[in-house]
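# Tertiary structure, described
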Amino acid sequence: MIAGAIPPFWRKFKWLYAPDPVMAGYALRTTLTSLLALGIALWMELGSPQWAALTVWMVAQGTRGRSLAKARWHLFGMIVGTICAVALVAACPQAPMMFIVLLAVGIGLFCLIGTFMPGPAAMTNYRIHGMRATGFTYAIISLDGILNPNEIFQIAAARATYIVLGIVLEASISAIFQLGLTKRTRHALTSNFESSLRPALQSISDLLGGNAEALADARLLFANITALGDQVEFAEVELGRHDHAGDHARAALADIAILLARGLDLASLMRLPMSQDDAFHQQAQAIQRFLTNLPLRLDTSEGIDSILADLRTLRRECREEMLAAFEAETQGHIEHEATMRHGVLQQALVELLDALRMTLRQFEASRNPPAHDHFRSPIRSYRDWHQAVTNSLRASVAVFGAGLIWVVTAWPEGITFLMFVCIVCSLFSTLERPALATQSFLRGACCAALAGGVLDLALLGEPTTFEILAMWFGTAAFLGGLAFAYPPLTLSAVSYNLFLPIVVGPSNQGRTDEIVYFNTALPLVLGLLYATWMFRVFLPYDPAHQRWAMREAILRDLRHIGSGSRPETVDLIVSRNVDRLVRLMNNAEGTPTPVIDAYLNGILSAMRIALNLLRIHAVQLDSTLPTRAHRALDLVMARMSHFSGRYSGHYGRTLRATKLAILCLRDSEQQEKRQRQRFVLIAALTSLDVIATELDANRVFFDASNPYLDPPT
């Protein structure tokens, strides 16, 4: 049957009847590892062997790098969580309310710390996972230990043993299936770079070819760069710390983002009147040919030196054109203006080629790391205290409420209910939209409860051997592993494989009967329902408020750059705004398209304004700048240092000050006879032109009289 003949309903189950071979191998490998961990725990006659199988599924990932990175941080979280749990039980063995308060505060504190960990606020950030594992371990050990405080050390040792057993087995067995890992990882780094560079070069090439909208989809290119940049960390784990290939790869991807930012600057300048002439089009065609052939040249055995030599030739030609335009003696205002605009575009081409040169150098260093290299490019993250406190309060209040339910109702299984609430809060409170994640997790937990019921009440209804348990439990777990490869089911599959061992509850002393099953499945489902409800009603995610907070942060950054109160670099400005762009796109569900487009365009526009404010700061440091021009630039920066966009006044004054400064500097440049001072004035004029253009083109974003940009109702 051809693909088109398959009904849409059955295509949703392709992960089951036609799985991806690689992910099928992952599911089989992890299933066998979890069974091995379970068998060893049963052989050692440990009290709760299901935690060993659960840990395997919690740590296992599709690649060796992801598995090792997650295992390391999970181990770290287990150690910290175990110490904190023992201290908690020792501090209040006879004070249940104090225990609940400290349990809630502890999980909230771990969420607070996790929010500030480097990297994106996503489930794939394993630094944050370290704090999630801390809260997870803190809860399961302290809740078991508070019922019998005298045995807290034995309980802690047993839980730590399960976790270490699962981590060691998963790491060891996954290593067996990773032959030729170093070679494949280096090839993957190269492929990631090329997959980001190709569309960026194509967009810039189309722009130079006359397509003014070529960079309209730059937001998608930035999102792709961010996604691939997050994967570099796992490649570093696979390669080890023998060289700094990962740092160079991360820097190369960041340089592609800077290259796109330079392309956006060029697009802004090309929209100015009298900016393009025949000489510019001729130079643009030469650069366009170079960019078109570059990916093919990188794939061949041609060395990087010849590519960089051609790049230097193009740069030299652009610079010569720029100098000739700036030094030309012209007659008449219009002719002078056209000549200056030509020089400005050539200068923008020089900066574009400089950004490409840095990108290629970092790429070559990632392919062939130099000896005795000490280059570092750390992972950057941008957090705020408001988000961190919100995440912490959300987790603490949810856990405290669940604890109150346990104490007030005296429900015998209330402590199990509280444990599941603690697990969910530890895992998801660091996300920006935890309610959506817990919905998927709830579906997976319900499937685990149903599958566990079939296993406990039917297939494993009679006491039997481990082989029979492994056959049926392994089959059920394998199905969850296959579902993990289907993106819409990934989070539900994680939940299913985490909770299935708990619901089945394998033991040496007997089997899970009907009473034990319902006393486990009911608290599981109710715990996730309660957590999902709490995430929706207490400090819920408000997309309009989050967008406005982001917009205020952007305007605040412009004020800081205008006042010079905070040191900034091109790399920091680009990476911070790209992070905002990606976060906005990831959380755009349910938001009207015009609002999202206005914000996306506003973020890119603010990035261009910030970069050009940085250039003006550099111009202001020149002591030979004419006094009149210096005052005009000071006025622009002073207006920008108070720029809030509120009530239309600040926006209007800032735009007016920028346009007046342009007129002033144009007059100064025409009267100036010294070449060096003219070049400085032209550089300032170029930045002012971009700032004025962006403020004009994105007034709806920078004029904050309508805070949320919502369409009128």
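Every value quoted in this text rests on a predicted model; they were computed, and no experiment measured them. (Residues numbered from 1 in each chain as written. Predicted model: local features only at pLDDT ≥ 70, side-chain atom pairs only at ≥ 80, totals over all residues. Heavy atoms only, no water.)

## Side note on the overall build of the chain
Secondary structure summary: the chain contains 27 helices and 0 strands in total. For a compact globule of 713 residues, the expected C-alpha radius of gyration is about 27 Å, and the chain comes in at 30 Å, within 12% of that figure. With the principal axes as the frame, the chain shows a C-alpha extent of 100 × 55 × 55 Å. Counting only residues that meet the buried cut, the chain has 56% of its 713 residues in that class. (Helix = DSSP H or I, 4+ residues; strand = E, 2+ residues; numbered from the N terminus. Rg over C-alpha atoms; globule rule 2.2 N^0.38 Å. Buried < 20%, exposed > 50% of the residue type's maximum accessible area, 1.4 Å probe, protein only.)

## Observations regarding the packing of helix α7 (residues 126–146) against helix α16 (residues 414–428)
Think of two packed helices as two axes; the pair is described by the angle between the axes and how far apart they sit. At a minimum axis separation of 8 Å, α7 and α16 run at an interaxial angle of 165°. Looking at the two axes, α7 sits roughly antiparallel to α16. For the pair α7 and α16, the sense of crossing is right-handed. Only Ile-415, Leu-418, Met-419, Cys-422, Ile-423, Ser-426 and Leu-427 of α16 make contact with α7, whose side of the interface consists of Arg-132, Gly-135, Phe-136, Ala-139, Ile-140, Leu-143 and Ile-146. In the contact of α7 with α16, the residues fall into 11 nonpolar, 2 polar and 1 charged. (Axes fitted to C-alpha atoms, helices over the stretch in contact; angles between N-to-C directions. Parallel < 35°, antiparallel > 145°, perpendicular 65-115°, else oblique. Left-handed = near helix turned anticlockwise from the far one by under 90°. Contact = heavy atoms within 4.5 Å. Nonpolar A, V, L, I, M, F, W, Y, C, P; charged D, E, K, R; others polar.)

## Concerning the nonpolar core
Nonpolar side chains in soluble globular proteins generally cluster together in the buried interior. Phe-222, Leu-360 and Phe-702 are the most contacted members of the largest nonpolar core, which totals 112 residues. When residues in this core are grouped by element, the largest group, 15 residues, is from helix α11 (residues 245–270). Sequence-distant contacts of Leu-360, defined by excluding residues within four places in its chain, comprise Leu-197, Leu-294, Leu-298, Ile-304, Ile-307, Leu-308 and Leu-311. Ala-52, Leu-103, Ala-395 and Ala-402 belong to the second-largest nonpolar core, a separate cluster that totals 87 residues. (Core = buried A, V, L, I, M, F, W, Y, C linked by side-chain atoms within 4.5 Å.)

## Points about helix α13 (residues 304–327)
With 24 residues, α13 should reach 34 Å at 1.5 Å per residue; the first-to-last C-alpha distance of 34 Å fits that figure. Structurally, α13 contributes buried residues whose contacts are with α12 (278–299), α14 (333–367) and α26 (675–697). (Expected span 1.5 Å × (residues − 1).)

## Some words on the packing of aromatic side chains
What the rule picks out here adds up to 13 aromatic pairs. Ring geometry for Trp-411 versus Phe-417: centroids 5.8 Å apart, planes at 45°, classification tilted. Residue class for Trp-411 comes out partly exposed when judged on its relative accessible area of 23%. According to the relative accessible area criterion, Phe-417 is buried, its value standing at 4%. Three or more aromatic residues link up through ring pairs in this structure, and these residues are Trp-411, Phe-417, Tyr-530 and Trp-533. Taking the ring centre of Phe-701 as reference, the NZ or CZ of Arg-551 above it sits at 5.4 Å. (Phe/Tyr/Trp six-rings, centres within 6.5 Å; stacked < 30°, edge-to-face > 60°. Lys NZ or Arg CZ within 6 Å of the ring centre and 35° of its normal.)

## So, unusual backbone geometry
A positive phi angle is found at Ala-410, which is not glycine, with a value near 55°. Inspection of the secondary structure assignment puts Ala-410 in the loop between α15 (385–409) and α16. Take Ala-410: its relative accessible area is 58%, and that puts it in the exposed class. Positive phi is not limited to glycine here, since Leu-539 has a value of about 50°. Considering the arrangement of structural elements, one finds Leu-539 in the loop between α20 (514–537) and α21 (543–563). Residue Leu-539 is classed as partly exposed on the basis of its relative accessible area, which comes to 33%.

By themselves, these are just geometric observations and shouldn't be taken as functional.
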